[in-house]
Amino acid sequence: MLESIIEFWYLWAVIAVLIIVLIPVLIRVSKSVKKRNEANEKMRKEFERIKFLKDKYAVLDREKVLSADAEELAEGVTAVLQYKLEKSLTPDTDFENEEKWRREVYALFWFDEDVTELSLSDFFRHNGEPLPKEAVNGIESIGYDKIKSVVAQMYAMCDDKNENVSFDKDRIAELDEKFRNVYDRDEFFELIKNYISKNMN
């Protein structure tokens, strides 16, 4: 055995180098696979959660609405409409034909997601019509007066078709800051819940 090692020392040296090189590679591959599996598991759980909400809020009654968590209710109503639009061959038309309160709750839910994770201006810059207009109308409908003016001003500034208002980066930054200082998610979703309870069939 010792003679073999001495005779083929260069092969053993190559094997040793390969082991040294491969161990970090295998560790990285293992971590990558683990991260991918964790991401897939997270996506699966999120899909199941959305499906649960869709099924739970597919049919609304007064007791269910009044006892619901306000944010969950808004997300559930949104999930129901989202599923319907995804299955439709004419989603734009179907959206327009939805009840006003459903369109607005849908827009308001996505509005909150953007303004919470990003900013007010990002919501208007990242979403095309009819979502921005429905969100502006929805804020009026739910009676969230303390953000109504700043949202309307931002909408006008980010609307490419509005020739009466010019794009002003400093003004947009100012409106973003003003919005952040007054926006209250709990209040927002409670107003949405109250709006749903008053308008559902």
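All values reported here derive from a predicted model rather than from experimental measurement.

**Looking at unusual backbone geometry**
Piece 1. Of note, the amide linkage connecting Glu 129 to Pro 130 takes the cis form, showing an omega dihedral of 15 degrees.
Piece 2. Along the chain, the position of Pro 130 falls in the loop between helix H7 (120-126) and helix H8 (131-142).

**Focus on the pattern of salt bridges**
Piece 1. Within this structure, the stated rule accounts for 17 salt bridges.
Piece 2. A salt bridge links Lys 100 to Glu 104, with the shortest nitrogen-to-oxygen separation between them at 3.0 Å. Of this pair, Lys 100 and Glu 104 both sit in helix H6 (residues 100-117), 4 residues apart, which is roughly one turn of the helix.
Piece 3. Between Arg 180 and Glu 177 there is a salt bridge; the shortest N-O distance is 3.0 Å. Highlighted residues: Arg 180 and Glu 177, both in helix H10 (residues 169-182), separated by 3 residues, approximately one helical turn.
Piece 4. Connected via shared salt-bridge partners are Glu 46, Arg 49 and Glu 75.

**Considering the packing of helix H9 (residues 145-158) against H10**
Piece 1. Where H9 meets H10, the closest approach of the two axes is 10 Å, and the angle between their N-to-C directions is 155 degrees. What the angle tells us is that H9 and H10 run roughly antiparallel. In the packing of H9 onto H10, the handedness of the crossing is left-handed. Along the contact surface, H9 presents Lys 146, Ile 147, Val 150, Val 151, Gln 153, Met 154, Met 157 and Cys 158, while H10 presents Arg 171, Ile 172, Leu 175, Asp 176, Lys 178, Phe 179 and Val 182.

**Let's talk about a nonpolar patch on the surface**
Piece 1. A cluster of nonpolar side chains, contributed by Ile 19, Ile 23 and Ile 27, occupies part of the molecular surface with about 260 Å² of accessible area.
Piece 2. Here Ile 23 lies in helix H2 (residues 9-56).
Piece 3. Take Ile 23: its relative accessible area is 45%, and that puts it in the partly exposed class.

**Comments concerning H8**
Piece 1. With 12 residues, H8 should reach 16 Å at 1.5 Å per residue; the first-to-last C-alpha distance of 16 Å fits that figure.
Piece 2. Within H8 the residues assigned to the buried category are Leu 131, Pro 132, Glu 134, Ala 135, Val 136, Gly 138, Ile 139 and Ile 142.
Piece 3. Where the residues of H8 are buried, they touch helix H5 (91-97), H6, H7, H9 and helix H11 (185-199).
Piece 4. Downstream of H8 by a residue or two, Gly 143 has a phi angle that is positive, lying close to 80 degrees.

**A closer look at the confidence of the model for the protein chain**
Piece 1. Averaged over the protein chain, the pLDDT score is 86; the fraction of residues at 70 or greater is 81%.
Piece 2. Least confident of the elements in the protein chain is helix H1 (residues 2-7), whose mean pLDDT is 51; most confident is H8, at 97.

**Describing the packing of aromatic side chains**
Remark: the centre distance and the inter-plane angle together describe each pair of aromatic rings, the angle taken between the planes.
Piece 1. Taken as a whole and assessed by the stated rule, the structure comprises 14 aromatic pairs.
Piece 2. Seen in terms of ring centroids, Tyr 144 and Tyr 183 are 6.3 Å apart; in terms of plane orientation they differ by 45 degrees. Their pairing is tilted. Taken together, the positions of Tyr 144 in the loop between H8 and H9 and Tyr 183 in the loop between H10 and H11 put the pair 39 residues apart, joining distant regions of the chain.
Piece 3. On the basis of relative accessible area, Tyr 183 is assigned to the buried category, the value being 14%.
Piece 4. Ring centres of Tyr 144 and Phe 188 lie 6.1 Å apart, and the angle between their planes is 40 degrees; on these two criteria the pair is classed as tilted. Here Phe 188 lies in helix H11 and Tyr 144 lies in the loop between H8 and H9, a separation of 44 residues in the sequence. A single burial state applies to Tyr 144 and to Phe 188, both of which are buried.

**Quick word on the nonpolar core**
Piece 1. By size, the foremost hydrophobic cluster in this structure holds 47 residues, and its most contacted members are Phe 111 and Val 151.
Piece 2. If you list the elements that add at least two residues to this core, you get helix H4 (70-87), H6, H7, H8, H9, H10 and H11.
Piece 3. A per-element tally of this core places H6 first, with 8 residues.
Piece 4. Apart from the residues lying within four places of it in its own chain, the contact partners of Val 151 are Phe 111, Leu 120, Phe 124, Val 136, Ile 139 and Phe 179.

Definitions and cut-offs
- Residues numbered from 1 in each chain as written.
- Predicted model: local features only at pLDDT ≥ 70, side-chain atom pairs only at ≥ 80, totals over all residues.
- Heavy atoms only, no water.
- Helix = DSSP H or I, 4+ residues; strand = E, 2+ residues; numbered from the N terminus.
- Salt bridge = Lys/Arg side-chain N within 4 Å of Asp/Glu carboxyl O.
- Axes fitted to C-alpha atoms, helices over the stretch in contact; angles between N-to-C directions.
- Parallel < 35°, antiparallel > 145°, perpendicular 65-115°, else oblique.
- Left-handed = near helix turned anticlockwise from the far one by under 90°.
- Contact = heavy atoms within 4.5 Å.
- Patch = residues over 30% accessible without salt bridge, like charges linked within 9 Å, V, L, I, M, F, W, Y side chains within 5 Å.
- Areas by Shrake-Rupley, 256 points an atom, 1.4 Å probe, with all protein chains shown as cover.
- Buried < 20%, exposed > 50% of the residue type's maximum accessible area, 1.4 Å probe, protein only.
- Expected span 1.5 Å × (residues − 1).
- pLDDT = per-residue confidence, 0-100.
- Phe/Tyr/Trp six-rings, centres within 6.5 Å; stacked < 30°, edge-to-face > 60°.
- Core = buried A, V, L, I, M, F, W, Y, C linked by side-chain atoms within 4.5 Å.

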